[in-house]
Amino acid sequence: MNYIWSKHSLLKFIHASIEQVVGADRFLVSDLCAGTGAVARMYKELGHPTMTNDLQYYSYVLLQHYLANSEVLMFSGLESLLDWLAERVPEDRAEMVCLYLDQLSGMQWFVYQHYCMGGTQWGEFHRQYFSDTNGARCDAIRMQIQERYNEKMITDGEYFFLLASLIESIDKVANTASVYGAYLKQLKKSAQKDMVLTPALLSLSRQPHQVYQQDINELIQHTSHEVVYLDPPYNHRQYSGNYHVLETIARYDDPVLRGKTGMRDCSDQKSKYCSRVHVLEEFHNLMQNIDAQYVFLSYNDEGLMSLDDIRDIMSMRGEYGVFEQSYQRYKADKTENRNHKKDRTVEYLHRVKVEDRS
Ligand SMILES: C[S@@+](CC[C@H](N)C(=O)[O-])C[C@H]1O[C@@H](n2cnc3c(N)ncnc32)[C@H](O)[C@@H]1O
């Protein structure tokens, strides 16, 4: 997924820097503002156990699949419905279930009614986050996944795999410039294409992978860690607002939507890391209370916290250092790019080796 400040293109830098400090042993990696889980996924592939966390439910869904799903998904419970499934080898089954869902006829439910032109054209706000066809197909697939799950025909792992596949696939045909803070007036080319329900990649692993959906400052009160990787938001832009449509598709909880953008109420998912007033206190509390051997923090040179603030706070806990790398600004983010003359930023990876482990 094209996620704001995803670390996908910085993985080499992050891995090499962490290895320089921690070494190459197998350690538990805690990616605690994990978003799409790019960093934890890299470590899962390398054979590490992981712990991931994020405030957002769509992120929790992605993490439940990409991290916690570690064995081939059999979909045995669907054999009574899809009799041809029993003849398929295990490795093909997930893809076959996606193909089946992809062929369902569209249904005009929540996504169609609230995020598509066909469903909103007679109302006060004419929204067009998706084409009518893709909105209705998303509804049909989302309903079917939920019904099969409620009937216990699919396991938790299969449920999260299907939801992750749907979130990734519908995002590819979204009619937005980048995020869901606004939609485009005309359907752009990629949004005119039919969504293809593409199976989300599965990474096999024998290590444990725990996933949480909590505020990080609360999570660290009851968890302990080895190597912590932190990647909080850098600026005032809340992820809950930027990805509200994916949150609703993931939850499918029939929320009340407001205004032109059709935002759901996200007041319980506002991050203090996006607030100039609260961010320093929040980060200070986090660093003071975290139980870990090493903490790494990704932050860029335009964030709400200054380099000096970060150094002062992190060095409370032990020996501090920082790595840096010049980085291509997040390209799809046109609104933000307009306000910046530079097309590159400096990405820092701050680190501390904790000396006074609580
Ligand atoms: C910069 S993004 C992380 C990107 C991620 N490293 C990736 O590569 O996909 C920041 C993430 O922090 C999450 N977040 C913000 N405040 C949080 C909080 N207080 N606790 C947990 N997660 C939070 C956001 O929902 C968002 O997914």
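Residues numbered from 1 in each chain as written. Predicted model: local features only at pLDDT ≥ 70, side-chain atom pairs only at ≥ 80, totals over all residues.

A few points about helix α3 (residues 57-68)
Each α-helix winds once per 3.6 residues, and so residues spaced three or four apart point in a common direction. In terms of residue burial, α3 counts as a mostly covered element, since 10 of its 12 residues are buried. Residues of α3 that are buried: Tyr 58, Ser 59, Tyr 60, Val 61, Leu 62, Leu 63, Gln 64, His 65, Tyr 66 and Leu 67. Where α3 is buried, its residues touch α2 (38-45), β2 (50-53), α8 (156-172), β3 (209-212) and α12 (244-251). (Buried ≥ 20, exposed ≤ 12 C-beta atoms within 10 Å, placed from the backbone. Helix = DSSP H or I, 4+ residues; strand = E, 2+ residues; numbered from the N terminus. Contact = placed C-beta atoms within 7 Å.)

Structural notes on the sheet that holds β2
Ordered in space as β3-β2-β1-β4-β5-β7-β6, the seven strands form an open sheet in which the pairing is mixed. Each edge of the open sheet is held by one strand with a lone partner, namely β3 and β6 (318-328). Looking at each pair of strands side by side, their axes are set apart by 15° on average, direction ignored. (Pairing = 2+ DSSP bridges. Axes fitted to C-alpha atoms, helices over the stretch in contact; angles between N-to-C directions.)

Describing the nonpolar core
As a rule of thumb, soluble globular proteins bury nonpolar side chains together. In terms of nonpolar packing, the biggest core is built from 86 residues, with Phe 130, Ile 167 and Val 295 touching the most fellow members. If one sorts the elements of this core by residue count, α8 sits on top with eight residues. The two domains that each donate at least three residues to this core are domain 1 (1-57 + 207-233 + 271-358) and domain 2 (71-202). Residues contacting Phe 130, with those up to four places away along its chain left out, are Val 111, Tyr 115, Cys 116, Gly 135, Cys 138, Ile 170, Val 173, Ala 174, Asn 175 and Ala 191. (Core = buried A, V, L, I, M, F, W, Y, C linked by C-beta atoms within 7 Å. Domains from an automatic or database assignment.)

Points about the pairing of strand β4 (residues 227-230)
Every second residue of β4 is oriented toward a common face, with Val 227 and Tyr 229 on one face and Val 228 and Leu 230 on the other, all of them buried. With three bridges connecting them, strand β1 (residues 29-31) and β4 associate as parallel partners. Bridge pairing in β4 places Asp 31 opposite Tyr 229. As paired strands, β4 and strand β5 (residues 294-300) are joined by four bridges and run parallel to one another. Bridged to Val 228 within β5 is Val 295.

Focus: the packing of helix α13 (residues 279-289) against helix α14 (residues 307-314)
One can describe the packing of α13 onto α14 by two numbers: an axis separation of 9 Å at closest approach and a directional angle of 25°. Of the possible angle classes, the one that applies to α13 and α14 is roughly parallel. Considering only the axes of α13 and α14, their crossing is right-handed. The residues of α14 that touch α13, namely those facing Leu 280, Phe 283, His 284 and Met 287, are Asp 309, Ile 313 and Met 314. (Parallel < 35°, antiparallel > 145°, perpendicular 65-115°, else oblique. Left-handed = near helix turned anticlockwise from the far one by under 90°.)

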